[in-house]
Amino acid sequence: MQPVILYVEDDEPSADIMRLLLCEQLGIKNVTFFDQTADFLTRAHQIAPVPTLFFLDIHIAPHDGFALLRMLRADAQFHQSPVIALTASVMNEEVALLREAGFDGVIAKPIDIDIFPTLLERIQKGDTIW
């Protein structure tokens, strides 16, 4: 079963790479991209079918990835959905902060297109990606 993905990313080249990977290379049909985070939850609830997996850029405005994660975890519909951080900041300290915040994993940017399909499979099986 294919995931229904919401990817929140304000960097157009990063979003384009993910669009290529998810939609064209992997053939996932239900992918939504948000390039800003205003009215995030309201807009997320309007997506049909309902997102089952979230990829969040950490450095985005007006709400950063940590704020978006808190919104998702507090929401009855999305509180158990896998939420993966995508960030160029993958030093040990940053990864520890992401883990402590409650993310289900982190994927470094720029995305490694060779290993991404395997990471997505693992996420769909319920694995955390650290």
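Details of the structure are given in the entry above.
Here goes a summary of the coordinates provided. (Residues numbered from 1 in each chain as written. Predicted model: local features only at pLDDT ≥ 70, side-chain atom pairs only at ≥ 80, totals over all residues. Heavy atoms only, no water.)

## Let's talk about unusual backbone geometry
What you tend to see is this: most non-glycine residues have negative phi, and most peptide bonds are trans.
Moving on, step 1. With an omega dihedral of -5°, the bond running from Ala48 to Pro49 counts as a cis peptide bond.
Moving on, step 2. In this fold, Pro49 is placed in the loop between α2 (40–45) and β3 (53–57).
Moving on, step 3. Cis geometry is found at the peptide bond from Lys109 to Pro110, where omega equals 0°.
Moving on, step 4. If you trace the backbone, Pro110 turns up in the loop between β5 (105–108) and α5 (116–124).
Moving on, step 5. In this structure, Asp39 takes a positive phi of about 55° despite not being glycine.
Moving on, step 6. Take Asp39: it is sitting in the loop between β2 (31–34) and α2. (Helix = DSSP H or I, 4+ residues; strand = E, 2+ residues; numbered from the N terminus.)

## A word on the environment of Phe33
Moving on, step 1. Here Phe33 lies in strand β2.
Moving on, step 2. On the basis of relative accessible area, Phe33 is assigned to the partly exposed category, the value being 21%.
Moving on, step 3. Residues Phe33 and Cys23 lie 10 residues apart in sequence; the distance between their C-alpha atoms is 12 Å.
Moving on, step 4. Setting aside chain neighbours within four positions, we find Phe33 in contact with Tyr7, Ala15, Met18 and Arg19. (Buried < 20%, exposed > 50% of the residue type's maximum accessible area, 1.4 Å probe, protein only. Contact = heavy atoms within 4.5 Å.)

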